[in-house]
Every structure is written in structure tokens, then in C-alpha cells.
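# Summary of structural features
Next come the chains, spelled out residue by residue.
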Amino acid sequence: MIVQSWNTKDVLKNPRTTELIHGDNTVGIDIGSRQSKAVLLCKDRIYAAITASDVDSQKTAERLLKKLLKEAEENISSVSAIAGTGYGRIALDFGDIDTKIITEISCHAMGAHFLNPEVKTIIDIGGQDCKAIKVDSNTGHVIEFTMNDKCAAGTGRFLEKTAEMLDYSVEEIGERVLESTKPLQISSQCVVFAESEIISLKARGEKREDIASGIHYAVARRIKNLVKRLDLEPDLLFSGGVSHNVGMRKALEETIKMPIIIPGFDTVYCGALGAAIYAKN
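Residues numbered from 1 in each chain as written. Predicted model: local features only at pLDDT ≥ 70, side-chain atom pairs only at ≥ 80, totals over all residues. Heavy atoms only, no water.

## Comments concerning the environment of I133
- Among the secondary structure elements, I133 is positioned in strand β8 (residues 130–135).
- Note on I133: relative accessible area 0%, which makes it buried.
- Each C-alpha atom, one on I133 and one on E118, is 14 Å from the other, the two residues being 15 residues apart in sequence. (Helix = DSSP H or I, 4+ residues; strand = E, 2+ residues; numbered from the N terminus. Buried < 20%, exposed > 50% of the residue type's maximum accessible area, 1.4 Å probe, protein only.)

## Section: the packing of helix α4 (residues 104–115) against helix α10 (residues 270–280)
- The geometry of α4 relative to α10 is characterised by a closest axis approach of 7 Å and an angle of 90° between their N-to-C directions. On the basis of their axis angle, the class for α4 and α10 is roughly perpendicular. Along its contact with α4, which presents S106, C107, H108, M110, G111, A112, F114 and L115, the element α10 presents C270, G271, L273, G274, A275, I277 and Y278.
- Its residues assigned to classes, the contact of α4 with α10 comprises 10 nonpolar, five polar and no charged. (Axes fitted to C-alpha atoms, helices over the stretch in contact; angles between N-to-C directions. Parallel < 35°, antiparallel > 145°, perpendicular 65-115°, else oblique. Contact = heavy atoms within 4.5 Å. Nonpolar A, V, L, I, M, F, W, Y, C, P; charged D, E, K, R; others polar.)

## A few points about the packing of aromatic side chains
- A full pass over the atoms with the stated rule returns three aromatic pairs.
- Ring centres of W6 and Y269 lie 6.2 Å apart, and the angle between their planes is 70°; this geometry places the pair in the edge-to-face category. Of this pair, W6 sits in strand β1 (residues 2–7) while Y269 sits in the loop between α9 (246–256) and α10, and the two are 263 residues apart along the sequence. The two residues W6 and Y269 agree in class, both being buried.
- Here a set of aromatic residues connected by ring pairs shows up, and it is made of W6, F265 and Y269. (Phe/Tyr/Trp six-rings, centres within 6.5 Å; stacked < 30°, edge-to-face > 60°.)

Written as C-alpha cells, this is what we have:
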């Protein structure tokens, strides 16, 4: 389990941030299909933790909460409210603590809004789906969204499978994309056929980094089709588990032709942050 912390005023650039510092502590827990994240808003600091998702969502959530409270040197009694989001949010129950259940799309929008109130569009790529979200820059509420959750192409799981086929780790594959000098054309929009293309390219002796780059640009083109359904506006923020992938960020920026802002906060926690903010309210 990885734990990080930030000073609230250093990373939350919304003028309403001062509202979050006062009052009791709140927690946002984002139970994803592959990874689970949690954020604790505690006085003037933000504590965040990430771990692999367990079959039991409640156990995963309790493990994250225990770690955050230990890091912040706080007791469970100091937590006034918890908000759950993500795939496993329905299963969460913390007894006497006020527990809210909020959609992940709303949470990502609110988290992004507090990281940068100018954000109007979010690309969220998770383990099993990808989303494009348009945000009201005045309130942080969702104006509209579109998503792909019917096909694995364009998701973190697809990139994991690609990494396995190319003998890269998930953490490594994005870095290797930056080394590519000839991104190869991957024409298929289907995971099964894309895997066949990868096998053929490997048999032809093509460089692994060029194949990896081709896959990332194929995913970026699929995301572009999602974003085109919205009236894309800057500023653009990249959230979700795949936001750690620098190769994916590069492919998105070049394909969509719009820079992605990089806040001083790890945007893999954007959904959990938004949930913790909703718990405050």
C-alpha cells in the first residue's frame, strides 16, 4: 500500500478550499475494479492511499481507512462522514459514521474542480472503462458525460495485457512509449484483433517500444471519439489509474491536440478526493 500527503493549500487551488479546512475530518473511498484509493481531509492536510482491490470491498475500504488514520495520527472518532464511490461503493458500510454513496463521475468532477477551478473537461481512464466528463467550472458539477464500458479497448486492463505481451511491467510501458521513434499503426478497435496485430508485429521483428507506442495512440484515438461527443473545452485534466502512464498522456495530447494540465496532486486520487469533498458538504 502506498501513502502520500500534501498541504491542502498547496494543491487545492479553488477559492472555496478554505471551507474544507474547518470542521471534522472526512474520508473519500474510491473502490475501483483494479485498484482502490482513499483520501482523508484532515485539517490543513490531505492524506491519500492506494492498494489493490480485494474481492471484499468493505475489507479493502477498512484497510485503507486504517492506514490513513495511522498516517495522520487520528482516531476513527475524528471522522464525521465517509463517502464511497467506484465499482464497489454499494457494499460500503461504516456503522454509526455518516456514509454517503456518490457516483464516480460526480466525484471525479468535484475533485478536478478543487484541484483547478478552470477545468472544464476530464478524461478518466480506469481499469475497466474510460469516460469523458464535461464540468461546470463554477460549481464542479457534471454537465454531461460519455463513457465506454462495453469493450476493454481503451481501458487500463487493455494496457496491462499489452504490457504482458511485450514483457513490460505496467509501470514501465508508458516510459517505453517515450523512447519510440516509429509508432506503429494499430488499426483494430477490438482487443482480440489488436492482440493478433501485436503478435504479428513481434513476429516481424518490430521494436517493442514502437508496438507499445502504436497501442497507446490507438487507445488515444478511441478516447478522442468519446471526447468528440462533448463540446471539448480547455482546461483538460487526466484522471484515473492510467493517469500515471506518461506515454498515454503524450498520446492523448498529440491526438486530441490539447495540453493536459498537471496539478500538484496525484490525479489517480481524483475520484477519492471528490468523494471526501462531498462528505464535507
